[in-house]
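Topology and contacts: notes
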There are 2 protein chains.
Amino acid sequence: MRVVLASQSPARLMTLRSAGIEPEVIVSGVDEDQITTTDAGNLAAALAQLKCRAVAAQVDADALVIGCDSVLAFEGEIFGKPGGPAEAAGRWRRMRGRSGVLHTGHCVRRGDREFIETASTVVHFAAVSDAEIDAYVATGEPLHVAGAFTIDGLGGAFISGIEGDHHNVVGLSLPLLRVLVGDLGIVWTDLWNRPS
Amino acid sequence: MRVVLASQSPARLMTLRSAGIEPEVIVSGVDEDQITTTDAGNLAAALAQLKCRAVAAQVDADALVIGCDSVLAFEGEIFGKPGGPAEAAGRWRRMRGRSGVLHTGHCVRRGDREFIETASTVVHFAAVSDAEIDAYVATGEPLHVAGAFTIDGLGGAFISGIEGDHHNVVGLSLPLLRVLVGDLGIVWTDLWNRPS
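Residues numbered from 1 in each chain as written. Chains lettered and ligands numbered in written order. Predicted model: local features only at pLDDT ≥ 70, side-chain atom pairs only at ≥ 80, totals over all residues.

Turning our attention to the overall build of chain A. Helix and strand counts for chain A come out as six helices and seven strands. Going residue by residue from the N terminus, the α and β elements of chain A occur as β-α-β-α-β-β-α-β-β-α-β-α-α. Its C-alpha atoms give chain A a radius of gyration of 17 Å, near enough to 16 Å, the size a compact globule of 196 residues would have. Principal-axis analysis of the C-alpha atoms places the extent of chain A at approximately 50 × 40 × 25 Å. Residues classed as buried in chain A amount to 52% of the 196 residues present. Contacts in chain A between residues at least 24 apart in sequence constitute 67% of all its contacts with a sequence separation of at least 6. (Helix = DSSP H or I, 4+ residues; strand = E, 2+ residues; numbered from the N terminus. Rg over C-alpha atoms; globule rule 2.2 N^0.38 Å. Buried ≥ 20, exposed ≤ 12 C-beta atoms within 10 Å, placed from the backbone. Contact = placed C-beta atoms within 7 Å.)

It is common to give the size of an interface as the accessible area lost on bringing the parts into contact. Across the boundary between the two partners, chain A contributes 28 residues, which contact 28 residues of chain B. Among the elements of the structure, α4 (130–138), β7 (159–164), α5 (166–170) and α6 (174–183) of chain A are those that each provide at least two residues to the side of chain A that touches chain B. Residue contributions to the side of chain A that touches chain B peak at six residues, all from β7(A). Looking at the side of chain A that touches chain B residue by residue, the classes come out as ten nonpolar, twelve polar and six charged. (Nonpolar A, V, L, I, M, F, W, Y, C, P; charged D, E, K, R; others polar.)

All names here are of chain B. Taken as a whole, helix α4 (residues 130–138) has its buried residues at Ile133, Tyr136 and Val137. Seen from one end, α4 has its buried residues packed into an arc of 95 degrees, which puts them on one side. Residues of α4 that are exposed and point more than 90 degrees away from the buried face comprise Ala131 and Ala138. The secondary structure elements touched by the buried residues of α4 are α3 (85–95). Backbone geometry just downstream of α4 places glycine 140 in the positive-phi region, at approximately 85 degrees. (Arc of directions from axis to C-beta.)

Time to look at the nonpolar core. Looking at soluble globular proteins, one finds that nonpolar side chains tend to be buried together. Core analysis: the largest hydrophobic core is formed by 120 residues, its most contacted members being Ile66(A) and Ile66(B). If near-sequence neighbours (up to four positions away) are discounted, Ile66(A) is found in contact with Val4(A), Leu5(A), Ala6(A), Cys52(A), Val108(A) and Leu177(A). (Core = buried A, V, L, I, M, F, W, Y, C linked by C-beta atoms within 7 Å.)

Turning to the packing of helix α3 (residues 85–95) of chain A against α4(A), a few remarks are in order. Two quantities define a packed helix pair, namely the angle between the helix axes and the distance between the axes. Residue and element names in this part refer to chain A. Look at α3 against α4: their axes get within 10 Å of each other, and the N-to-C directions meet at 145 degrees. In terms of crossing hand, the pair formed by α3 and α4 is right-handed. Between α3, through Pro85, Ala88, Ala89, Trp92 and Arg93, and α4, the contact on the second element is made entirely by Ile133, Asp134 and Val137. Within the contact of α3 with α4, the residues separate by chemical class into six nonpolar, no polar and two charged. (Axes fitted to C-alpha atoms, helices over the stretch in contact; angles between N-to-C directions. Left-handed = near helix turned anticlockwise from the far one by under 90°.)

Glancing now at the relation of the copies chain A and chain B. Aligned on chain B, chain A shows an RMSD of 0.0 Å; the corresponding rotation is 180 degrees and the shift along the axis is 0.0 Å. What the superposition gives is, in effect, a two-fold axis relating one chain to the other. Of the C-alpha atoms belonging to chain A, the one lying closest to the rotation axis is found on Glu163(A), 2.3 Å away. Both copies present the same face, since 100% of the interface residues in chain A are matched by interface residues at the equivalent positions in chain B. (Least-squares fit on C-alpha atoms with pLDDT ≥ 70 in both.)

This part is about the pairing of strand β3 (residues 64–74) of chain A. All names here are of chain A. Most of β3 is tucked away, with eleven of its eleven residues classed as buried. Neither face of β3 is open: one carries Leu64, Ile66, Cys68, Ser70, Leu72 and Phe74, the other Val65, Gly67, Asp69, Val71 and Ala73, and all of them are buried. As paired elements, strand β1 (residues 3–5) and β3 share three bridges and run parallel to each other. The residue bridging leucine 5 from the neighbouring strand is isoleucine 66, located in β3. The pairing of β3 with strand β5 (residues 99–110) spans nine bridges and is antiparallel. Bridge pairing in β5 places valine 71 opposite histidine 103. Bridge analysis of β3 against strand β4 (residues 77–79) gives three bridges, and the strand direction is antiparallel. (Pairing = 2+ DSSP bridges.)

Structure (structure tokens):
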């Protein structure tokens with residue numbers, strides 16, 4: 001089966017690969033600003049659907065298309081990618097020792113059948129020092145990701161724990177995707193197309 | 001600083017690498033059967049200490065040595081690596097839809113100073129089908145790991161969620177290691193010795 005990931009995120013691609021699935025990648029190029037909801041979970045779902053539909057329109061009806069989008073909700077605010085080093089450092093000084101919720105919207109589509117769901121994972125940030133924040137921001141890693149942290153990179157040591165699915169924090173929940181493709185009548189293990 | 005990982009686990013090595021640390025690997029070769037405690041957390045800590053001390057005896061006193069050991073506690077039993085495909089499949093039929101606790105013991109040592117702590121993460125197993133279990137076991141992946149599952153590999157889709165640190169489930173808790181090396185007076189970000 002043709003599996004298409006409608007995302008340019010290297011983390012999502014790596015997540016699928018680690019789970020035995022080598023997808024084709026097609027970037028949707030949609031204008032994300034057209035979604036204006038202020039609810040984090042709904043925003044992530046709407047953006048995932050937008051990406052998924054844009055790519056599904058470009059491929060044959062037999063292909064499985066997967067769209068995702070992630071946002072961090074922190075104390076009533078929605079954090080996407082930070083605007084620069086100062087904003088990333090400022091967020092970390094607020095987040096350290098506290099918790100946020102990482103929402104990832106998932107949309108799967110095959111032909112005219114579609115399922116959408118958001119998975120939400122609580123993320124506990126460690127009480128890192130100012131020096132650690134500055135060193136982390138200086139690497140550039142937190143500048144390119146929603147919420148300004150990477151649980152699967154240098155930031156892994158700065159997340160004290162989570163409640164929920166780790167892969168959802170990275171950007172694509174494997175257990176949720178398994179359920180959603182099951183709703184489409186696809187057996188998860190039939191998607192394995194690469195050596196582990 | 002010389003950083004030595006006293007473990008032959010590829011997953012632990014990859015975890016440190018993903019977090020910016022390229023360690024030297026020295027396998028202890030200790031006899032794990034000499035530890036006989038039946039408490040899962042104590043067992044993991046004792047084995048981690050055994051590995052760490054065996055390797056520390058081989059290196060100069062300025063080196064930082066890290067030893068780890070992981071076991072899964074499930075309904076009063078301790079699950080190490082499964083004995084073969086039948087045992088792996090049998091465990092999964094018991095574990096699916098239920099929860100276990102993955103304990104990883106961590107021992108850090110530099111010269112004659114040593115700190116030991118076990119991190120424990122609750123793991124929720126998805127309600128996978130018999131066919132999924134058979135396909136998973138057939139890949140061979142669950143045969144080589146404590147608890148017969150890999151959250152960072154094909155098994156990622158079969159873990160519905162966790163409570164605690166994901167890296168601890170993989171085999172080495174980065175946030176706990178950060179705290180333990182801090183107890184030794186080492187700043188975590190000073191250990192970064194490889195490009196992210």
